[in-house]
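# Structural overview for review
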Amino acid sequence: MIEMTESAAATTNKLVASDVDVYYGNFRAIKSASLAMKAQKVTALIGPSGCGKSTFLRALDRMHDLTPGARVEGQILLDGEDIYGPDADPVVIRHRIGMVFQRPNPFPKTIFENVIYGPRIHGERNRTKLQEIAEHALRGAALWDEVKDRMQRSALDLSGGQQQRLCIARAIALNPEVLLMDEPASALDPIATSKIEDLIGELKEHYTVVIVTHSMQQAARISDDTAFFHLGEIVEVGPTSRIFTHPKEKRTEDYITGRFG
Amino acid sequence: MAAVTTIAPRSVSATGSVRNRRIADMTATVVLWVMASSIIVMLAAFIIYMVYLGWSALTPSFIFGVPQETTAGGGIGPEIYNSFYILILTLVFTVPIAVAAGIYLQEYSQPGRFRGVVQFSAESLATIPSVVMGLFGLLVFVYLFKWHFTALGGALTLTLLNLPALMRVTQEALSSVPDTLREASMGMGGTKWQTITRVVLPSAIGRMTTGVVLIAGRIFGETAALIFTAGLSVPYNNPYSLSPWRPAETLAVHLWYSHSESIVPDVARIGNGSALVLLIMVLLFNLSARIVGRQLTKRFTGRAE
């Protein structure tokens, strides 16, 4: 749990990216992106397809380490510490920063095994404790009532929306400080989407949430701050209400009024 | 705006090119069905014929008895034992090496020259005829190491013969596991090794079991490589020896030997009986391996595939 008072949280930057470049080989996919993500707020990354918003998000969790040929330059501070620094360990970083992916990717294991995967790989063996963690995480992801009687069934038997909430439960079972979400509702129907959106509103009470979305309505509904990406650059950042009503940049305005994208 | 064109009334029955396409469609269905059925018919005829020929030979004294060198009434007990002995010994060598190599190539090595060279070598090795591998085993294990004909030499030769195939199968099985699962595990702070042992391998275990079953069938049926390495005899003073340092004629080799070299009068009976027993062994092994594979998959994934 993050020890932080409500008032302090409002002004604290949890994750700060400064002049971040991401390269795939020689291709510079992100150009000098700087963004401060506030604690216990939802920051939305919006922009047209291929603008680099997912690429930027993945840099926040060091997921590019897994892609041959990809590299990240610049600085990303988590509570003031550089996650790309020489002493930074990706295993620790990914424990503190959770990620939910675009398509639900539950393991082909039981529902229970999915939820407790994270705590288990980080060394938790106590069965009672694991069961408590599972229940807490599933309640947090608003899935408990639907699956409590079939914890030993395969996660693949769940519907798409349930699978995605299971993936959120799996991420929050680790009690991360930051939750990164890469278009978590793009593969879901409207009902499942609204459940996920409600959930994000609840999650920000405990976590710092960064969400990539291609839906401007979704960004407007759920986020506190919005960053607009275009062609690998952050064009404009600000409180969501202002970005959507009084964008300063012409490109932002064109995008949110539907002139391109 | 373009002018709205009126559409002439059309019929729902097939005419012209639609009719031709329908005919092609039906022809293809019939041809493919006949091909598939003929495979089943051939297999069934083959099995029925083997059962017809071999059934009368399946007496307890044949299945459990020891073979005879010159007189009628020889059994195949030690040969059945040797078939399983060599199978298990070969798998003990092959599975760990092939699986480890497959994991390394698929999960650790970068696509590039080294991976290419290993895969090219493996594919070349996989196409070497087993008789050539048998001669290699003869030169190395029998003559160079002076082991003479041994179960161990036979198993090692079969290991060389089957390593590339199982390594390939392991690679295919691992590559069938979606990268999104690896990302999920790594994204939660899992190490590469945890990701492989807890997510990738359990997801791939079903296909890997199928691969083991396939090479097991080949090991049961292998003759050429074993004739030169494990020999054509069983130790008469101790036919069910546990030692790997003794000649170990398998059932498939015995089948070949009794038909081509043996001077016993009841060659036909021994041949027909051995063939049927070999067939039953392969079927039983395939079935049990499938059940084991399904159980493993179910245990690891919570659902049967």
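As shown above, the structure is provided for reference.
Residues numbered from 1 in each chain as written. Chains lettered and ligands numbered in written order. Predicted model: local features only at pLDDT ≥ 70, side-chain atom pairs only at ≥ 80, totals over all residues.

### Some remarks on the overall build of chain A
Of the regular secondary structure elements, chain A holds twelve helices and ten strands. What you see for chain A is a C-alpha radius of gyration of 18 Å, in line with the 18 Å of a compact globule of 261 residues. Buried residues in chain A amount to 48% of all 261 residues. Considering only intrachain contacts with a sequence separation of at least 6, the fraction spanning at least 24 residues in chain A is 68%. (Helix = DSSP H or I, 4+ residues; strand = E, 2+ residues; numbered from the N terminus. Rg over C-alpha atoms; globule rule 2.2 N^0.38 Å. Buried ≥ 20, exposed ≤ 12 C-beta atoms within 10 Å, placed from the backbone. Contact = placed C-beta atoms within 7 Å.)

### Section: the packing of helix 5 (residues 130-144) of chain B against helix 6 (residues 151-175) of chain B
Residue and element names in this part refer to chain B. At a closest axis distance of 9 Å, the pairing of helix 5 and helix 6 adopts a crossing angle of 135 degrees. Here helix 5 lies oblique to helix 6, going by the angle between them. Judged by the sense of rotation from one axis to the other, the crossing of helix 5 with helix 6 is right-handed. Each of Ser 130, Met 133, Gly 134, Gly 137, Phe 141 and Val 142 in helix 5 lies in contact with helix 6, whose residues at this interface are Gly 153, Leu 156, Thr 157, Leu 160 and Leu 161. For the contact of helix 5 with helix 6, the class distribution of residues is six nonpolar, five polar and no charged. (Axes fitted to C-alpha atoms, helices over the stretch in contact; angles between N-to-C directions. Parallel < 35°, antiparallel > 145°, perpendicular 65-115°, else oblique. Left-handed = near helix turned anticlockwise from the far one by under 90°. Nonpolar A, V, L, I, M, F, W, Y, C, P; charged D, E, K, R; others polar.)

### Concerning the interface of chain A and chain B
It is common to give the size of an interface as the accessible area lost on bringing the parts into contact. Contacts between the two partners involve 26 residues from chain A and, on the opposite side, 19 residues from chain B. Elements represented by at least two residues in the side of chain A that touches chain B include exactly helix 3 (90-96) and helix 5 (117-121) of chain A. Ranked by residues supplied to the side of chain A that touches chain B, first place goes to helix 3 of chain A with four residues. Of the residues belonging to the side of chain A that touches chain B, the class tally is 13 nonpolar, seven polar and six charged.

### A closer look at the environment of Thr 90 of chain B
Residues and elements named next belong to chain B. When you line up the elements, Thr 90 lands in helix 3 (residues 77-108). The exposure class of Thr 90 is buried, given the 26 C-beta atoms found within 10 Å. Through-space distance from the C-alpha of Thr 90 to that of Leu 152 is 8.5 Å; in sequence the pair is 62 residues apart. What Thr 90 contacts, discounting residues up to four positions off in sequence, is Ala 155, Leu 158, Thr 159, Asn 162 and Ile 219.

### Details of the packing of helix 6 of chain B against helix 8 (residues 192-221) of chain B
All names here are of chain B. At a closest axis distance of 9 Å, the pairing of helix 6 and helix 8 adopts a crossing angle of 150 degrees. It follows from the interaxial angle that helix 6 and helix 8 lie roughly antiparallel. As for how helix 6 packs across helix 8, the hand of that crossing is right-handed. Across the interface between the two elements, Leu 158, Asn 162, Ala 165, Leu 166, Val 169, Thr 170, Glu 172, Ala 173 and Leu 174 of helix 6 pack against Val 200, Ala 204, Arg 207, Met 208, Gly 211, Val 212, Ile 215, Arg 218 and Ile 219 of helix 8.

### Observations concerning helix 6 of chain B
For an α-helix, the turn length of 3.6 residues means that residues three or four places apart are oriented alike. Residues and elements named next belong to chain B. Under the 1.5 Å per step criterion, the end-to-end length of helix 6 is 35 Å for 25 residues, consistent within 8% with the ideal 36 Å. Of all the bends found along helix 6, the most pronounced is centred on Asn 162 and spans about 40 degrees, while Pro 164, a proline, follows it within four residues. The buried count for helix 6 comes to 20 of 25 residues, which makes it a mostly enclosed element. (Expected span 1.5 Å × (residues − 1). Bend = angle between axes of the 7 residues up to and from the residue.)

### Looking at the sheet that holds strand 10 (residues 233-239) of chain A
Residues and elements named next belong to chain A. One open sheet holds the six strands; their spatial order is 6-7-8-3-9-10, and the pairing between them is mixed. Two strands lie at the open edges of the sheet, namely strand 6 (97-100) and strand 10, each paired on one side alone. With direction set aside, neighbouring strand axes in the sheet form an average angle of 15 degrees. Pairing analysis gives five bridges linking strand 7 (residues 178-182) to strand 8 (residues 208-212), with the strands arranged parallel. Its bridge partner being in strand 8, Asp 182 is matched across the sheet by Val 212. Packed onto the sheet, helix 8 (residues 160-172) meets strand 6 and strand 7 and runs at close to 170 degrees relative to strand 6. (Pairing = 2+ DSSP bridges.)

Nothing here speaks to function; it is geometry throughout.
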